[in-house]
Amino acid sequence: MTCVLLISGSTREGSLQTAALRTAARFAPPEITTILYDGLRDLPAFAPGEQPPGPVADLRARVVEADAVLFSTPEYAGSLPGSLKNLLDWLVDGGDLDRKPAAWLSVVGPGRDDGARAALESVLGHGNARLLRPACIRIPLEMTAVDETGVVTDDRLHVALQDVLRALVRAVAESRPRPQPTWQAHSSVYPVVNRRDMPGQQPVIWPGSAFS
């Protein structure tokens, strides 16, 4: 199973971004586990060098345990919401985003969140996260597409989310080192040695080689 952490940049329960990520959790393929982070309001202001308090420790643990992170954020005053920037500051400071596959989902029209997306990509770069551009998509939605349970009913989003999540899974799989067969590792170090100077003796086979 691949675990994807979903982080909304909005603290408003009824936001379109949070609804889109809630929909991602609802329609995730069976081979993917999703966790919708809901602790944005509880994070204290970032304080460099200080021992992270409980909510920050929980956030960091969730990011470390996740195989990838998917963000969706509104734009406030031409940039990221302060609450999301605060979250990212804690993660960058702790090195928790290092080589972590990440992507963003935009649910507004072009030009309505360019500043937020640019700022998000910049911060992810500072945290050495792996921004997966093939998994970054824009599906403009309207609040009328959100039902009474807070889930988006637009089929376009359902299909797009399947593609996004599977792209994240592929990226995670490609980043994992392929295990080398034990026999190959041993036999490359301990080759078969023939005792040519001892007539009648069988070849010596080192333990763990391909021929033992």
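Above this note sits the structure.
This report concerns the structure included in the present document. (Residues numbered from 1 in each chain as written. Predicted model: local features only at pLDDT ≥ 70, side-chain atom pairs only at ≥ 80, totals over all residues. Heavy atoms only, no water.)

## Here's the deal with the pattern of salt bridges
Then comes step 1: Taken as a whole, this structure holds 12 salt bridges when the rule is applied.
Then comes step 2: In this structure, Arg117 and Asp113 form a salt bridge, with 3.4 Å as the shortest nitrogen-oxygen distance.
Then comes step 3: When its relative accessible area of 2% is taken as the criterion, Asp113 is described as buried.
Then comes step 4: A salt bridge links Arg138 to Asp114; the shortest N-O distance between them is 3.6 Å. Here Arg138 is found in strand β6 (residues 137-138), whereas its partner Asp114 is found in helix α4 (residues 114-126), with 24 residues between them in sequence.
Then comes step 5: What makes Asp114 partly exposed here is its relative accessible area of 36%.
Then comes step 6: Salt bridges sharing common partners tie together Asp113, Asp114, Arg117 and Arg138. (Salt bridge = Lys/Arg side-chain N within 4 Å of Asp/Glu carboxyl O. Buried < 20%, exposed > 50% of the residue type's maximum accessible area, 1.4 Å probe, protein only. Helix = DSSP H or I, 4+ residues; strand = E, 2+ residues; numbered from the N terminus.)

## Looking at the side chain of Asp154
Then comes step 1: Looking at the element boundaries, Asp154 is found in the loop between β6 and α5 (155-175).
Then comes step 2: One polar contact links the side chain of Asp154 to the main-chain amide nitrogen of Arg156, over a distance of 2.8 Å.
Then comes step 3: Apart from the residues lying within four places of it in its own chain, the contact partners of Asp154 are Leu141 and Ala145. (Polar contact = N/O pair within 3.5 Å; in protein donor to acceptor, adjacent residues only side chain to side chain. Contact = heavy atoms within 4.5 Å.)

## Focus on unusual backbone geometry
Then comes step 1: Within the chain, Arg99 stands out as a residue other than glycine whose phi angle is a positive 65°.
Then comes step 2: Position of Arg99 relative to the elements: it lies in the loop between α3 (82-94) and β4 (101-106).
Then comes step 3: On the accessibility criterion, Arg99 (51% relative accessible area) is exposed.
Then comes step 4: Notably, Asn128 is not glycine yet its phi reads approximately 60°, a positive angle.
Then comes step 5: As for its position among the elements, Asn128 is in the loop between α4 and β5 (130-131).

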